[in-house]
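Next come the chains, spelled out residue by residue.
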Amino acid sequence: MPKRRDHGSGGLYWDKRKGLWRGVLDLGRDAEGKRLQKEVTSKDRKTAAAKLKKLMDAVEANGGLLPEKPPTLAEWAEWWLEDEKHRVDPKTWANYSSITRRWVVPLLGKKTVDQVRPADVTALRRHIVDDNGRGLSLARQARVCLSKMMAAAKANRYCRTNPVEDASKVRGSTIAKRGSFTTEQGQAILRAADALPDWDGSRWWFKLLVGQRQGEILGATLDALDLEGGYYEVGWKLEQLPREHGCGGTCGK
C-alpha cells in the first residue's frame, strides 16, 4: 500500500491485484472530507513514474486544478443532484431539482463550471425576477442551489473559486433584520392556544416554546417525550414525499 502523502504529492506502488504499477496524485479532500485522487497506471515502473510526473506537472501548471476539461454546468448539475439525493430529505431534493432544471441550467448550462462568473449570478437573479416576474424568494433559492453546486465543483478541483461567494463580495454583505414576538404577544398566543382543542392548541405551544418545524410537530410521538428528564427528542416528521414510478425511467411517465 502507498504511504500517506501530503496534499499535492504523488506516490508510486505495485498493485498486485491488477498486476500494474499505480501512480497516485493526492489532491486533498472535497467538501465532505472524502480524499480526492488522480491515478495513472502502467505495467512498466518507469512508464508509470513518467506518467505520474507528467500529471503532477500538469496540475501544478494549471494552478492546482485537474488538467482535463471541466464539465459544463448542465453536466455538473446532474452529477450534483444525484449526489445531493443521498444527502438531503426528498422534499428538499425535489426543490433543488426543480429550481436547477427550470432556472439555472437553461440560462447557464452551456458554460463549463470554470467559466461561471459573478456576473452570471446577477444575470440569474435578473432572469428570474425582471425577465419572468417571479419573486425574490425564488431568486434566493436559485442562488443557494448554484452556490452549493459551484462549491462542490471547487472542492473537486474543476474551478478555483465559487462565483456565488465572489458575487456576494462584489455586492457587499447585507444582514436581514428578523423580527420577534414581545413577551406580551407570546403570552397572548399561548392564551389563545389554551382556548383551542388540545390537538390544535398544543401545536402552537410546540411552535412557540420549542421552535420546531410544522412537519416535526405533526410527526411528534409520545415515546419521544421524557417527562422525568424534561426533554423531547425529535425523531420523526410528517411531510408529503414525491413518488417514483418504479420503472427506472423506462416508461416515460
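Here, every reference points to the structure presented above.
Residues numbered from 1 in each chain as written. Predicted model: local features only at pLDDT ≥ 70, side-chain atom pairs only at ≥ 80, totals over all residues. Heavy atoms only, no water.

### Things to note about a nonpolar patch on the surface
Logical step 1: On the surface, Phe 181, Leu 196, Trp 204, Trp 205, Leu 208, Leu 209 and Val 210 cluster together to form a nonpolar patch covering roughly 670 Å² of accessible area.
Logical step 2: Along the chain, Val 210 falls in helix H8 (residues 198-210).
Logical step 3: For Val 210, a relative accessible area of 52% gives the class exposed. (Patch = residues over 30% accessible without salt bridge, like charges linked within 9 Å, V, L, I, M, F, W, Y side chains within 5 Å. Areas by Shrake-Rupley, 256 points an atom, 1.4 Å probe, with all protein chains shown as cover. Salt bridge = Lys/Arg side-chain N within 4 Å of Asp/Glu carboxyl O. Helix = DSSP H or I, 4+ residues; strand = E, 2+ residues; numbered from the N terminus. Buried < 20%, exposed > 50% of the residue type's maximum accessible area, 1.4 Å probe, protein only.)

### Remarks on the nonpolar core
Logical step 1: Counting 30 residues, the largest nonpolar core has Leu 73, Trp 76, Trp 80, Ile 128 and Leu 146 as the members making the most contacts within it.
Logical step 2: Counting only elements with at least two residues in this core, the list comes to helix H2 (73-84), helix H3 (90-108), helix H4 (118-131), helix H5 (136-155) and helix H6 (163-171).
Logical step 3: Broken down by element, the residue count for this core peaks at 9 residues, all from H5.
Logical step 4: Ignoring any residue separated from it by four or fewer positions in sequence, one finds Ile 128 in contact with Trp 103, Gly 133, Arg 134, Gly 135, Leu 138, Ala 139 and Ala 142.
Logical step 5: Counting 5 residues, the second-largest nonpolar core is a separate cluster that includes Leu 25, Leu 52, Leu 55 and Val 59. (Core = buried A, V, L, I, M, F, W, Y, C linked by side-chain atoms within 4.5 Å. Contact = heavy atoms within 4.5 Å.)

### Re the packing of H2 against H5
Logical step 1: Closest axis-to-axis distance for the H2/H5 pair is 10 Å, and the angle between their directions is 90°. Regarding the angle of H2 to H5, the classification is roughly perpendicular. Here Leu 73, Trp 76, Ala 77 and Trp 80 of H2 come into contact with H5, specifically with Cys 145, Leu 146, Lys 148, Met 149, Met 150, Ala 152 and Ala 153.
Logical step 2: Its residues assigned to classes, the contact of H2 with H5 comprises 10 nonpolar, no polar and 1 charged. (Axes fitted to C-alpha atoms, helices over the stretch in contact; angles between N-to-C directions. Parallel < 35°, antiparallel > 145°, perpendicular 65-115°, else oblique. Nonpolar A, V, L, I, M, F, W, Y, C, P; charged D, E, K, R; others polar.)

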